[in-house]
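# Inside the fold
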Amino acid sequence: MKNMDQLILGIESTCDETAAAVVRNGSEILSNIVASQADLHEVYGGVVPELACRRHIEVVIPIVDEALAKAGCTLEQIGGIAVAYGPGLIGALLVGLNTAKALSFATGKPLIGVNHIHAHLYAALMELETPPTFPCIGVIISGGHTALVKVEGPATYKLIGQTIDDALGEAFDKVAKMLQLPYPGGPQVEALALKGDPTRYAFRAGRVKEHPLAFSFSGLKTAVLYALKGTSNASVKSELELTPEEYPHVAASFQEAALGDLVDKVLKACELHGCKTVIFGGGVSNNKALRKKMAEREEGKGLELIWPRPFLTTDNAAMIAGLGSYLLKTEGPSSLSLHAETRIPFLK
Ligand code: KG4
Ligand code: ZN
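Counting starts from 1 at the beginning of each chain's written sequence and moves along it residue by residue. The lettering of chains begins at A and the numbering of ligands begins at 1, in the order of writing. Under the rules for a predicted model, residues below a pLDDT of 70 receive no local features and side-chain atom pairs below 80 are neither given nor counted, while totals for whole chains, interfaces and linings still include all residues. Computation of side-chain values covers all heavy atoms of the structure but excludes hydrogens and water.

## Some thoughts on the overall build of the protein
Runs of E in the DSSP output that reach at least two residues are strands. Runs of H or I that reach at least four are helices, and both are numbered from the N terminus. When helices and strands are tallied, the protein shows 10 helices and 10 strands. For the protein, the spread of C-alpha atoms along the principal axes amounts to about 70 × 45 × 30 Å. A buried classification covers 55% of the 348 residues belonging to the protein. Only heavy atoms enter the contact rule, under which two residues are in contact if any of them lie within 4.5 Å. If you take every contact in the protein between residues at least 6 apart in sequence, the share linking residues at least 24 apart comes to 72%. If you sum the accessible surface of the protein, you get close to 15600 Å²; carbon and sulfur atoms cover 54% of it. With 32 positive and 37 negative side-chain charges, the protein shows a spacing of 4 Å between the two charge centroids. Classification of residues uses two cut-offs on accessible area relative to the type maximum, computed with a 1.4 Å probe and protein chains only: under 20% is buried, over 50% is exposed, and between them is partly exposed. We get accessible surface area from the Shrake-Rupley algorithm with a probe of 1.4 Å; when it comes to residues, only the shown protein chains can shield them. For the charge count, each Lys or Arg is scored as positive and each Asp or Glu as negative, with His and the chain ends excluded. Where a charge lies is defined by one atom per residue type, namely NZ (Lys), CZ (Arg), CG (Asp) and CD (Glu).

Take a look at the structure:
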């Protein structure tokens, strides 16, 4: 390792993944360990906060050790400890944050608090050889968040649209549950949709009056439920209830409506804000149908689409270390009194 190299340890525990990573000079991922808790939550069809928190406590230190070992470095060689301090589940956040604080206090290495959502966007940026031309449109589509932002610099964002109810990933997960698919449902719905006809059901995502860049997926989700049940009355058994043979068509039609709405609004955001580059982040940006649809719809518009590599789309600590590295250089370390925050307004 050269003397000038800067190594940042990243720690992530906002939801149901315990992750640690070591990143060199803000972009080179030396290790990226993710311990998923999907097995733990699968039987409940969603994340159980108390269980998530307990599992984080059990695995966080071994995961940090593994990240350091895989990177071939010791804690002494680390130049800073970056941690996601929010938004997320409070108990889960506290595990990662207190681990990072303890390591920082014990070693004297700077602590760097990172906003998890900002890091989702930074994931695509950290691997670029040359930074994009700012401003760009940022699209955060995960299980907990759906937002469009104007990205004015690597870590400067202005919220321009968000969901008023469900997040896009959450809608995928809920529809997956209705289709009796395991959790997390997004990739399962995507796979099932490949076998279905996206025009079979005329589903539509919501429009928000006077907010052309806002999202609403809750009505779409209910429409899927009614189609499956063959009725809008939950207390009666309908003869029109769909059989499993129809499920691929339901998955395909839901995905078409949800992704079509997202692409419409991304293109609208580019137009309204005069941006030619779009950066994607969050679990749903891994969806191949979305990547294809976005590429088809932007054709002729000369937009540059920046997608993270698939392993950087879902929750991971490399994106935390990457943004942490940038923040340490530009803003300096965080205070050891940094608090965990379950909700953080997007504006910065
Ligand atoms: O970014 P992420 O790991 O977690 C949050 O910060 O929320 O995103 C997880 C979400 C889940 O809702 C999952 O179902 C969804 O991303 N997801 C997908 C796909 N892969 C993950 N949704 C649709 N298609 C996919 N291929
Ligand atoms: Zn996330």
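There is more to say after this.
## A short note on the site of ligand 1
We call a residue near a given molecule or strand whenever any one of its heavy atoms falls within 4 Å of it. The environment of ligand 1 is made up of 18 residues, and the closest members are Gly143, Asp173, Gly186, Glu190 and Asn287. Contact between ligand 1 and His120: an oxygen atom at 3.1 Å from a side-chain N or O atom of the residue. Protein burial of ligand 1: of its 550 Å² of free accessible surface, 90% is covered by the chains. Broken down by secondary-structure element, the contributors of at least two residues to the shell around ligand 1 are helix H4 (116–125), helix H5 (168–178) and helix H6 (186–193). When residues are grouped by polarity, Ala, Val, Leu, Ile, Met, Phe, Trp, Tyr, Cys and Pro land in nonpolar, Asp, Glu, Lys and Arg in charged, and all others, Gly among them, in polar. Tallied by class, the residues present in the shell around ligand 1 amount to 3 nonpolar, 12 polar and 3 charged. In the analysis that follows, any N or O atom pair within 3.5 Å is treated as a polar contact, provided that within protein one partner can donate a hydrogen and the other can accept it, and provided that, for residues neighboring in sequence, both atoms belong to side chains.

## Structural notes on the sheet that holds strand E3 (residues 28–36)
The strand order across the open sheet formed by 5 strands is E3-E2-E1-E4-E5, and the pairing between neighbours is mixed. Every interior strand has two partners, whereas the edge strands, E3 and strand E5 (111–115), have only one. Sheet twist, expressed as the average angle between the axes of neighbouring strands with direction ignored, equals 20°. Only C-alpha atoms enter the line fits that serve as axes; for helices the fit covers just the stretch in contact. Angles between N-to-C directions range over 0 to 180 degrees. In the packing of helix H2 (residues 49–71) onto the sheet, the strands contacted are strand E1 (7–12), strand E2 (17–24) and E3, and the crossing angle to E2 comes to about 20°. Lying over the sheet, H4 contacts E1, strand E4 (80–86) and E5, oriented at roughly 85° with respect to E5. Here, strands pair whenever DSSP counts at least two bridges between them.

## Let's talk about the sheet that holds strand E8 (residues 156–162)
Strand order in the open sheet made by the 5 strands is E8-E7-E6-E9-E10, with mixed pairing throughout. With one partner strand each, in any of the chains shown, E8 and strand E10 (304–306) form the two edges of the open sheet. In this sheet, neighbouring strand axes are inclined to one another by 25° on average, regardless of whether the strands run parallel or antiparallel. Summarising the sheet, strand E7 (residues 146–153) and E8 pair through 6 bridges and their orientation is antiparallel. Residue pairing for E8: Val149 is matched across the bridge by Leu159.

## Comments concerning the nonpolar core
The definition of a nonpolar core used throughout is a set of buried Ala, Val, Leu, Ile, Met, Phe, Trp, Tyr and Cys residues joined through side-chain atoms within 4.5 Å. Core analysis: the largest hydrophobic core is formed by 50 residues, its most contacted members being Val139, Leu179, Phe203, Phe254 and Val278. Where this core is concerned, the elements lending two or more residues are strand E6 (136–141), H5, H6, helix H7 (218–229), helix H8 (247–273), strand E9 (277–281) and helix H9 (288–298). Ranked by residue count, the leading element in this core is H8, at 14 residues. In this structure Phe254 touches Ala171, Phe172, Val175, Val189, Phe203, Leu220 and Val224, once residues within four positions along its chain are discounted.

## A few points about the environment of Ala19
Looking at the element boundaries, Ala19 is found in strand E2. In this structure Ala19 comes out as buried when scored by relative accessible area, which is 1%. In this structure the C-alpha to C-alpha distance between Ala19 and Val34, which are 15 residues apart in sequence, comes to 4.3 Å. With sequence-adjacent residues up to four places away left out, Ala19 is seen in contact with Gly10, Ile11, Glu12, Ile33, Val34, Ile63, Asn316 and Ala317.

## Quick look at H9
Those residues of H9 that sit buried are Leu290, Lys293, Met294 and Glu298. With its buried residues spanning 120° around the axis, H9 presents them on a single face. In H9, those exposed residues whose orientation departs by more than 90 degrees from the buried face are Lys288 and Lys292. Each element contacted by the buried residues of H9 is listed here: E6, H8, E9 and E10. Of the residues trailing H9, Gly300 is marked for its positive phi of about 90°. This arc is taken over the directions from the axis of the helix to the C-beta atoms.

## Here we look at the coordination of the zinc ion (ligand 2)
Within the protein, His116 (NE2), His120 (NE2) and Asp315 (OD) serve as the donor atoms for the zinc ion (ligand 2), at 2.0 to 2.1 Å. Atoms are scored as donors when they are N, O or S and lie within 2.8 Å of the metal, with 3.2 Å used for Na, K and Ca; no water is included, so coordination may look incomplete. Every angle between 85 and 135 degrees makes a four-donor site tetrahedral, while opposite donors more than 155 degrees apart, with all other angles between 65 and 115, make a four-donor site square planar and a six-donor site octahedral; other sites are irregular. Each of the 4 donor atoms around the zinc ion (ligand 2) contributes to a set of angles spanning 96 to 130°, which defines the coordination as tetrahedral. Within one chain, the residues serving as donors to the zinc ion (ligand 2) are arranged as H-x3-H-x194-D. Of this pair, His120 sits in helix H4 while Asp315 sits in the loop between E10 and helix H10 (318–331), placing them 195 residues apart in sequence. By the burial criterion, His120 is buried, and Asp315 matches it.

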